[in-house]
Amino acid sequence: MKLFWLWLSIIVNLGFLGVFKYYNFFASSFVNSLAQIGLNVHVETLNIILPVGISFYTFHGLSYVIDIYKSKIKPERHFIDYSLFVSFFPLLVAGPIERATHLLPQIIKKREFNYLKAVDGLKQILWGLFKKIVIADNCAEYANVIFNNSTEYAGSTLVLGALFFTFQIYCDFSGYSDIALGTARLFGIELLRNFAFPYFSRDIAEFWRRWHISLSSWFKDYLYFPLGGSKSGMLVKIRNTFVIFLVSGLWHGANWTFIVWGLLNALFIMPSIIFNTNRNNLDIVASGRNFPSLSELLSIGITFSLTVFAWIFFRANDVSHAFSFISEIFSSSLVSIPYFRGISKAVVIVPIIFLFILIEWIGREGQYAISHIGITWKRPIRYIFYYVLLFMILCFGNYNESQFIYFQF
C-alpha cells in the first residue's frame, strides 16, 4: 500500500508538470518527426499559462513523499506546518529546492528573532538585488540585442553577447536565491545554499557541485542513486550521468536547446568521470590566498570557456540558431571592436561587471560574496559600501521592463 501511494503521488505530480510544461513540446516534436518521413499529422496543442515555478514546487513536494517512503521522516500530522512547508513563499518561484528533512524541522520548532541573523539576511538580500537588478537585468538587455540580431554582428560582438548572457543567467538565478535565503533568515529559517561561486570552478565537475546545488543534489539522491549510481560499473556510471544531464536540460525548459545544453555538459564532464578525477577540486580555489596559481587560472579559464559555449545553446531560440551563432563567431573577425545598439550604455555596465567579479573573488570563501566583506572595517566605511550598492540598485534598475526570473522553470 505504501508503494501504491508513492507511485500515485509521483504520477500525479509529474503528470501536472508534463501537461503544463511539456505536452506542447512533445506533441510538436512528434508531428515534426512524422513530417520528416512524409506523414502529415495534426495534433491539438494546449493554449494554457504555465504556472510560475511549477518545476520547483513539484520537486519540492516529491522529496517529501519519497523521504516518507524511505522512512527518512515521519508524515507531518499538523496541517498548518505541512502547508507552510509546501508553500513557504521565499522559495516558491525559483527555489532552492528544499528537502522535508531540512525545512520541516525548522518550521516545527519554536523560533525567536535573532538580530544578527536578521542583519545577515538583509545583507544577502542586498547582494541578491544587486546581482539581479544591476547585473542580470542590464546584461539581459544587451544579450537580447545581440542574440536576436546575431547575423548583423562580427564575431567579437557575438562573443560579448555570450558573455553578457553568461553573467545574466548566473546573476538572475543566484540573485533570486540570495534574496530567498536572506528573506527566510529574517524568519529564523536557513534554506539550502544554491550557488557557491561556480564561475571560479577548475573543472566541469566542480562547476556542477557549485551551480544550482539544490537541483544537482536532488537529481543525485532521487534519480542517480536509484539508477545504480557509481557502483555498477563504468558503463552504468556513464549512462546514469547522461540521464541526469538529459533530465536536467529538459527540466530547465521544453526546447531542444536545453536538451543539447544538458548533453554538452555531460560530454564536458565525461573525462573526469572516466578517469575518476571528478572529485579532485572539492575546496574553493586559492583557499587562504589572494591570487590563484597559473595552473588554477588556466583551469578556471578553460572551464569558464566551456560553460560560455554551452550557454549559447541555452539562450538560442532553437538549435539551428545556436549553430549559426557559433559559426558566425568563427567566420568573422574576433579581433574587431565589439559594436551593437546600446554600446554606449554598456560601456558603463562593463566596469561594474568587473567590480562584481572582484567582489565575488574577494568573498568567495563566504556563504555569499559580501557575508564577510567589511566586517573589520569601521562602521562608517562599511555603511558607505552598503549604501553604494543600494544606490547602484536604484540607479541601474530597469524597472519599466522588469525581467525578474528570465526563464519559466
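Residues numbered from 1 in each chain as written. Predicted model: local features only at pLDDT ≥ 70, side-chain atom pairs only at ≥ 80, totals over all residues. Heavy atoms only, no water.

Chemist: When you look at the overall build of the protein in this model, what are you seeing that I'm missing?
Modeler: Summing up its helical and strand segments, the protein has 14 helices and zero strands in all. Walking the protein from its N terminus toward its C terminus, one meets helices and strands in the order α-α-α-α-α-α-α-α-α-α-α-α-α-α. For 409 residues, the compact-globule estimate of 2.2 N^0.38 gives 22 Å, and the C-alpha radius of gyration of the protein, at 22 Å, lies within 12% of that figure. Counting only C-alpha atoms and orienting by the principal axes, one finds that the protein spans roughly 65 × 65 × 50 Å. Sorting the 409 residues of the protein into buried and exposed places 50% on the buried side. Element-wise, carbon and sulfur atoms account for 67% of the exposed surface of the protein, whose accessible area totals about 20,500 Å². (Helix = DSSP H or I, 4+ residues; strand = E, 2+ residues; numbered from the N terminus. Rg over C-alpha atoms; globule rule 2.2 N^0.38 Å. Buried < 20%, exposed > 50% of the residue type's maximum accessible area, 1.4 Å probe, protein only. Areas by Shrake-Rupley, 256 points an atom, 1.4 Å probe, with all protein chains shown as cover.)

Chemist: What exactly am I supposed to notice about the pattern of salt bridges here?
Modeler: If you walk through the whole model with that rule in mind, you get ten salt bridges. Of the charged contacts, one joins Asp283 and Arg202 as a salt bridge, the two residues approaching to 3.6 Å between their closest N and O atoms. With a gap of 81 residues between them, Asp283 in the loop between α10 (256-274) and α11 (294-315) and Arg202 in the loop between α6 (155-186) and α7 (204-210) connect regions that are remote in the sequence. Residue Asp283 is classed as partly exposed on the basis of its relative accessible area, which comes to 43%. Of the charged contacts in the structure, one is a salt bridge between Glu206 and Arg210, with a shortest N-O distance of 3.0 Å. Of this pair, Glu206 and Arg210 both sit in helix α7, four residues apart, which is roughly one turn of the helix. Since its relative accessible area comes to 0%, Glu206 is described here as buried. The exposure class of Arg210 is buried, given its relative accessible area of 10%. Connected through salt bridges with shared partners, the residues Arg202, Glu206, Arg210 and Asp283 form a single ionic network. (Salt bridge = Lys/Arg side-chain N within 4 Å of Asp/Glu carboxyl O.)

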